[in-house]
Amino acid sequence: MTQKILVAFDNSENAMRAVAFIARSFPTDNEVLLFHVLPDTAVLCEMHSPELTDYFITQQSSFCALEDKKRQLVEDAMVRAKSVLTAAGYPEKNVRTRLDTRKKGIARDILTEAENGYDLIVMGRRGVSAIMEFFIGSVSQKVVNAAKKLPVLIVS
């Protein structure tokens with residue numbers, strides 16, 4: 001039976017391990033979406049307000065160039081991840097990629113997408129420090145805690 005798998009994806013090694021795990025462990029007739037939530041920084045790149053500090057104004061173009069570079073890195077990683085799945089036998093039409101701009105929060109946006117008929121969420125374990133994870137939590141931890149009706153597979 002074909003399943004819809006949502007892969008919460010970033011350009012980390014853990015995300016690529018999650019994709020490799022899917023390639024090795026799941027039947028190739030499944031549908032896979034590599035899904036990334038982008039921070040909503042475009043508004044800062046288009047902002048020209050007198051309230052902005054002089055420092056930000058002088059650094060704005062550098063900041064926006066970095067954001068563009070981060071997006072390109074994620075897109076490139078998605079191409080590599082898709083090739084891992086197609087090399088394992090997944091038909092090209094069964095592997096999609098999508099980048100969405102953050103709306104509610106990364107974990108909540110992943111869960112909102114998962115409500116669109118997915119059978120499983122797969123994610124890599126985020127490599128934040130124990131102290132950071134204690135205070136703010138990781139995206140994977142938030143998804144696991146909030147996903148009430150859907151299994152979540154964490155690959156480390």
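Everything here concerns the structure above.
Everything numeric in this text was worked out from a predicted model, so none of it was measured. (Residues numbered from 1 in each chain as written. Predicted model: local features only at pLDDT ≥ 70, side-chain atom pairs only at ≥ 80, totals over all residues. Heavy atoms only, no water.)

Colleague: Whenever I open this one, a positive patch on the surface confuses me. Can you help?
Modeller: A contiguous patch of positive charge on the surface is contributed by Arg102, Lys104, Arg108 and Lys142. A relative accessible area of 47% means that Lys104 is categorised as partly exposed. (Patch = residues over 30% accessible without salt bridge, like charges linked within 9 Å, V, L, I, M, F, W, Y side chains within 5 Å. Areas by Shrake-Rupley, 256 points an atom, 1.4 Å probe, with all protein chains shown as cover. Salt bridge = Lys/Arg side-chain N within 4 Å of Asp/Glu carboxyl O. Lys, Arg positive; Asp, Glu negative; His and termini not counted. Charge placed at Lys NZ, Arg CZ, Asp CG, Glu CD. Buried < 20%, exposed > 50% of the residue type's maximum accessible area, 1.4 Å probe, protein only.)

Colleague: Any chance you could explain the side chain of Asp100 here in plain terms?
Modeller: Looking at the secondary structure, you find Asp100 in strand E3 (residues 95–101). Within the local environment of Asp100, its side chain forms a polar contact with the side chain of Arg98, the two groups lying 3.1 Å apart. The contacts of Asp100, once residues within four sequence positions are left out, are Phe35, His36, Val37 and Leu38. (Helix = DSSP H or I, 4+ residues; strand = E, 2+ residues; numbered from the N terminus. Polar contact = N/O pair within 3.5 Å; in protein donor to acceptor, adjacent residues only side chain to side chain. Contact = heavy atoms within 4.5 Å.)

Colleague: Help me understand the sheet that holds strand E1 (residues 4–8) in this model?
Modeller: To summarise the sheet geometry, strands pair through backbone hydrogen bonds and adopt either a parallel or an antiparallel arrangement. With respect to topology, five strands assemble into an open sheet ordered E3-E2-E1-E4-E5, the strand pairing being parallel. The two strands at the open ends of the sheet, each matched to only one other strand, are E3 and strand E5 (152–155). Pairwise comparison of adjacent strand axes, ignoring direction, gives a mean angle of 25° for this sheet. Of the strand pairs in this sheet, E1 and strand E4 (residues 120–124) are connected by four bridges, and their pairing is parallel. Residue pairing across strands places Ile5 opposite Leu120, the latter belonging to E4. On top of the sheet, helix H4 (residues 106–114) reaches E1, strand E2 (31–38), E3 and E4; it is set at about 150° to E2, its chief contact. Together, E4 and E5 form the strand contacts of helix H6 (residues 139–146), whose direction differs from that of E4 by roughly 160°. (Pairing = 2+ DSSP bridges. Axes fitted to C-alpha atoms, helices over the stretch in contact; angles between N-to-C directions.)

Take it as geometry only, folks, not as evidence of what the structure does.
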